[in-house]
Amino acid sequence: MAPRKRPENQKTPEVVVRPKSKRNRSPRELEPEAKKLCVKGPGSSRRFDSGLWAGLASLRVPPLCSSIVRALHQHKLGTAAWPSLQQIGAGGSITGMKFNPLNTNQFFTSSMEGTTRLQDFKGNTLRVFASSDTCNVWFCSLDVSVKSRVVVTGDNVGHVILLNMDGRELWNLRMHKKKVTHVALNPCCDWLLATASVDQTVKIWDLRQVRGKSSFLHSLPHRHPVNAAHFSPDGAQLLTTDQKSEIRVYSACQWDCPPSLIPHPHRHFQHLTPIKASWHPRYNLIVVGRYPDPNFKSCSPHELRTIDVFDGSSGKIMYQLYDPESSGIMSLNEFNPMGDTLASVMGYHILVWSPEDAGTQK
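What you see is a predicted model, and the numbers here were worked out from it, not measured in a lab.

### A word on the overall build of the chain
Broken down by element type, the chain carries four helices and 26 strands. For the chain, buried positions account for 47% of its 362 residues. Taking the intrachain contacts of the chain between residues at least 6 apart in sequence as the baseline, contacts between residues at least 24 apart amount to 47%. With the model as given, the accessible surface of the chain reaches about 19000 Å², and the carbon-plus-sulfur share is 52%.

And the structure:
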């Protein structure tokens, strides 16, 4: 049975825009103003939590002098020690990071330096969990389970390594033919592992029964290489992002059923941080950055590089967030645990979005 696609004739979403001062805009920017801003939301047909959507509609980028940004700026420019991977050099990118659930003053990182390690905020390396000892192999992803006390990491040649919190290797297997772009443990059943790869597959594994590369529970083929596979906060769904124009939502109890497909432009570019869709921590919402593609079926003139918010059940796009003063591609978007603040990564910059009525950040 072919995967079912979302209908194309969906109502146009609302674009939530932070206005830019007219005196700072050129005539060229002002010309398509009406086309950019005259986009309306689903209106009275919405059957969702009105308070939730009201909160989303009021999301804005706080002023640069907000307490959050000021604190980060002062910490960055001050004399206090800032955590870093020492002596990595050019090309030594950090490819994954997780705070240590047992000690929030520590964090795990995977990197192109060829290690997966545990560090503290003084820059000290506390433990090296995996090391390739060669510049041709590096680690692309990691995840951590508190309950099972394990660390899992994947590399650029298809290997996945499982270790305990003491650093002892439990197994090291080649689970994919190519780079393992993402590994994720189910938050409710942490023996369930999802691995995504540029070999165009996502595989589901039972950590209690892994015996070799063919011991996966399910293999989920995709049309293009896959950037990420995220379990929903309740563990009941799996969200995957490919490298071109498709987001998929699988039901964790029915892997063999066709997934829900959400057409979305986020094509891969060599020097762009891979775009990865993620979940809201409390509601069935999906957030992902848009990279307008002229070849995408629904592409329109003057299309913006927005942050798109989808309903995870219907696949309908509900809102789009956009800041004219930061018009880059938002590759990574993550909500805080309460779900009322969104951090968006754009190159070297991070935008913090929060509701207008959340406080007095002036």
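### Notes on the sheet that holds strand β5 (residues 106-111)
The antiparallel open sheet is built from four strands, whose spatial order is β4-β5-β6-β7. Only two strands of the sheet have a single partner each, and these edge strands are β4 (94-99) and β7 (125-131). This sheet shows a mean twist of 20° between the axes of neighbouring strands, independent of strand direction. Sheet analysis places strand β6 (residues 115-120) next to β7, joined by five bridges and oriented antiparallel.

### A closer look at the packing of aromatic side chains
Scanning all chains against the criterion turns up four aromatic pairs. Plain terms: the ring middles of F108 and F129 are 5.5 Å apart, the flat faces sit at 50° to each other, and that makes the pair tilted. Within this pair, whereas F108 is found in strand β5, its partner F129 is found in strand β7, the two being separated by 21 residues in sequence. Owing to a relative accessible area of 1%, F108 belongs among the buried residues under this scheme. By relative accessible area, which is 6% here, F129 ends up buried. Taken together, F99, F107 and F121 form an aromatic cluster joined through their ring pairs.

### A closer look at the sheet that holds strand β8 (residues 139-145)
As summarised here, the arrangement of the four strands in space is β8-β9-β10-β11, forming an open sheet in which the pairing is antiparallel. Edge positions in the sheet fall to β8 and β11 (169-174), since each of these pairs with one other strand and no more. For this sheet, the mean inter-axis angle between neighbouring strands, taken without regard to orientation, is 15°. Looking at chain direction, strand β9 (residues 150-155) and strand β10 (residues 159-164) are connected through five bridges and run antiparallel. Note that in β10 the partner of V150 across the bridge is N164.

### A few points about the pairing of β8
Of all seven residues in β8, seven are buried, a share of seventy percent or more. Here β8 pairs with β9 via six bridges, running antiparallel. Bridge assignment links S141 to a residue of β9, and that residue is G154. What sits between the antiparallel neighbours β8 and β9 is a turn of four residues, in which R149 has the positive phi angle 55°.

Calculation criteria
- Residues numbered from 1 in each chain as written.
- Predicted model: local features only at pLDDT ≥ 70, side-chain atom pairs only at ≥ 80, totals over all residues.
- Heavy atoms only, no water.
- Helix = DSSP H or I, 4+ residues; strand = E, 2+ residues; numbered from the N terminus.
- Buried < 20%, exposed > 50% of the residue type's maximum accessible area, 1.4 Å probe, protein only.
- Contact = heavy atoms within 4.5 Å.
- Areas by Shrake-Rupley, 256 points an atom, 1.4 Å probe, with all protein chains shown as cover.
- Pairing = 2+ DSSP bridges.
- Axes fitted to C-alpha atoms, helices over the stretch in contact; angles between N-to-C directions.
- Phe/Tyr/Trp six-rings, centres within 6.5 Å; stacked < 30°, edge-to-face > 60°.

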